[in-house]
Amino acid sequence: MARGEHHRIHAQDRLQRNRLRVAQEAARLMSEHGIRDFHHAKVKAAERLGIVDAQALPRNNEIEQALREHQRIFHADTQPQLLQQRREAAAEAMRFLERFEPRLVGAVLEGTADAHSAVCLHVFSDNAESVVLFLQERGVPLTQQTRRLRTTRDEQTEYPVLLFSADGLPFDITVLPSDALRQPPLDRIDEKPMRRAPLAAVEEMLATGDEEDGFERMLSAALR
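Because the structure is predicted, anything quoted here is derived from the model rather than measured.

**Points about the overall build of the chain**
And then number 1: Of the regular secondary structure elements, the chain holds eight helices and five strands.
And then number 2: For the chain, the succession of helices and strands along the chain, N to C, is α-α-α-α-β-α-β-α-β-β-β-α-α.
And then number 3: The burial tally for the chain puts 43% of its 224 residues in the buried class.
And then number 4: Long-range contacts, defined as pairs at least 24 residues apart, comprise 60% of the intrachain contacts of the chain with a sequence gap of at least 6.
And then number 5: A total of about 12700 Å² of accessible surface is found on the chain, and carbon and sulfur atoms cover 48% of it.

**Looking at the packing of helix 4 (residues 79-96) against helix 7 (residues 199-208)**
And then number 1: Where helix 4 contacts helix 7, the axes come no closer than 10 Å and their chain directions differ by 150°. The angle between the axes of helix 4 and helix 7 places the two elements in the roughly antiparallel class. Considering only the axes of helix 4 and helix 7, their crossing is left-handed. Here helix 4 contributes Gln84, Arg87, Glu88, Ala91, Met94 and Arg95 to the contact with helix 7, which in turn contributes Leu199, Val202, Glu203, Met205 and Leu206.
And then number 2: Looking at the contact of helix 4 with helix 7 residue by residue, the class counts come to six nonpolar, one polar and four charged.

**Focus on the pairing of strand 3 (residues 143-150)**
And then number 1: Of the pairings in the sheet, the one linking strand 3 to strand 4 (residues 156-166) comprises eight bridges and is antiparallel in character. Bridge assignment links glutamine 144 to a residue of strand 4, and that residue is leucine 162.
And then number 2: In textbook terms, the turn of a hairpin is the stretch between consecutive antiparallel strands, and for strand 3 and strand 4 this stretch comprises five residues.

**Structural notes on the nonpolar core**
And then number 1: Within the largest apolar cluster, 32 residues are counted, with the highest numbers of intra-cluster contacts made by Leu97, Leu104, Leu121, Leu135, Leu162, Phe171 and Ile173.
And then number 2: Among the secondary structure elements, those contributing two or more residues to this core are helix 4, helix 5 (107-110), strand 2 (119-124), helix 6 (128-137), strand 4, strand 5 (169-176) and helix 7.
And then number 3: Here this core takes six residues from helix 4, the largest share from any one element.
And then number 4: When residues no more than four places from it in sequence are discounted, the contact partners of leucine 97 are Pro102, Leu121, Val123, Phe134, Leu135 and Ile173.
And then number 5: Of all hydrophobic cores here, the second largest spans 18 residues; its members include Leu15, Ile51, Ile63 and Ile189.

**Observations regarding helix 6**
In an α-helix there are 3.6 residues to a turn, and that puts residues three or four apart on one side.
And then number 1: Taken residue by residue, helix 6 has Val131, Val132, Phe134 and Leu135 as its buried positions. Each buried residue of helix 6 sits inside an arc of 160° when the element is viewed along its axis, so together they form one side.
And then number 2: Tucked inside the fold, the buried residues of helix 6 contact helix 4, strand 2, strand 3, strand 4 and strand 5.
And then number 3: Just beyond helix 6, the residue with positive phi is glycine 139, at close to 75°.

**What about helix 7?**
And then number 1: Of the positions making up helix 7, those classed as buried are Leu199, Ala201, Val202, Met205 and Thr208.
And then number 2: One or two residues past the end of helix 7 sits glycine 209, with phi positive at roughly 70°.

**What to know about the pattern of salt bridges**
And then number 1: Enumeration over the complete set of coordinates arrives at 14 salt bridges.
And then number 2: For the salt bridge of glutamate 32 with arginine 28, the shortest nitrogen-to-oxygen distance reads 3.0 Å. One end of the pair is glutamate 32 and the other is arginine 28, both in helix 1 (residues 3-33) and four residues apart, which spans about a single turn.
And then number 3: Among the ionic pairs, aspartate 172 bridges to arginine 147, the shortest N-O distance being 2.7 Å. Separated by 25 residues along the polypeptide, aspartate 172 in strand 5 and arginine 147 in strand 3 bring together distant segments of the chain.
And then number 4: Note on arginine 147: relative accessible area 28%, which makes it partly exposed.

Thresholds applied
- Residues numbered from 1 in each chain as written.
- Predicted model: local features only at pLDDT ≥ 70, side-chain atom pairs only at ≥ 80, totals over all residues.
- Heavy atoms only, no water.
- Helix = DSSP H or I, 4+ residues; strand = E, 2+ residues; numbered from the N terminus.
- Buried < 20%, exposed > 50% of the residue type's maximum accessible area, 1.4 Å probe, protein only.
- Contact = heavy atoms within 4.5 Å.
- Areas by Shrake-Rupley, 256 points an atom, 1.4 Å probe, with all protein chains shown as cover.
- Axes fitted to C-alpha atoms, helices over the stretch in contact; angles between N-to-C directions.
- Parallel < 35°, antiparallel > 145°, perpendicular 65-115°, else oblique.
- Left-handed = near helix turned anticlockwise from the far one by under 90°.
- Nonpolar A, V, L, I, M, F, W, Y, C, P; charged D, E, K, R; others polar.
- Pairing = 2+ DSSP bridges.
- Core = buried A, V, L, I, M, F, W, Y, C linked by side-chain atoms within 4.5 Å.
- Arc of directions from axis to C-beta.
- Salt bridge = Lys/Arg side-chain N within 4 Å of Asp/Glu carboxyl O.

Written as structure tokens, this is what we have:
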């Protein structure tokens with residue numbers, strides 16, 4: 001093997017090892033410190049490891065896979081119960097918000113939720129104040145924020161977000177217009193249309209105990 005080729009292969013191997021190290025450290029930071037933003041987690045992980053090569057920053061899906069592995073190895077005795085608790089709370093909240101056609105999104109849907117995770121829902125109304133009024137009339141103390149979601153690869157739109165707690169769990173409710181039911185925003189992990197599950201799919205997921213085939217059926221239902 002030529003010396004140049006040897007150096008090239010060695011450099012590629014080092015790059016892949018560093019990507020894995022950064023992904024694993026980012027997963028640890030997300031799990032143990034409650035960091036929810038993938039970009040922030042991987043930049044912080046690279047800094048902690050002294051890795052400055054931008055090519056060594058893993059993709060978000062690599063970090064998500066590392067997070068699943070971290071939870072399987074280090075939190076197998078607690079994470080499934082925390083996830084189940086949040087899925088049950090999600091189903092209850094979705095029944096409560098039924099008139100706004102809620103959809104479950106994020107870590108609780110994907111199975112990576114932990115003690116730091118909020119129950120994240122999308123609800124749909126062309127008048128966001130109607131959702132606010134609905135909650136306030138039922139005595140739900142809430143905080144209002146905004147969030148930018150990517151509607152295409154080149155465009156972002158700002159949406160209202162309602163934050164509150166119930167039974168000790170945080171809820172994060174994004175209010176989208178009715179036509180967003182047909183066109184989800186893009187997922188921050190893979191830049192594909194965000195996966196979302198209606199109540200029926202969440203109930204099926206709970207009934208199957210999140211077995212792999214049940215989860216796949218649930219995701220299929222979520223995309224319909």
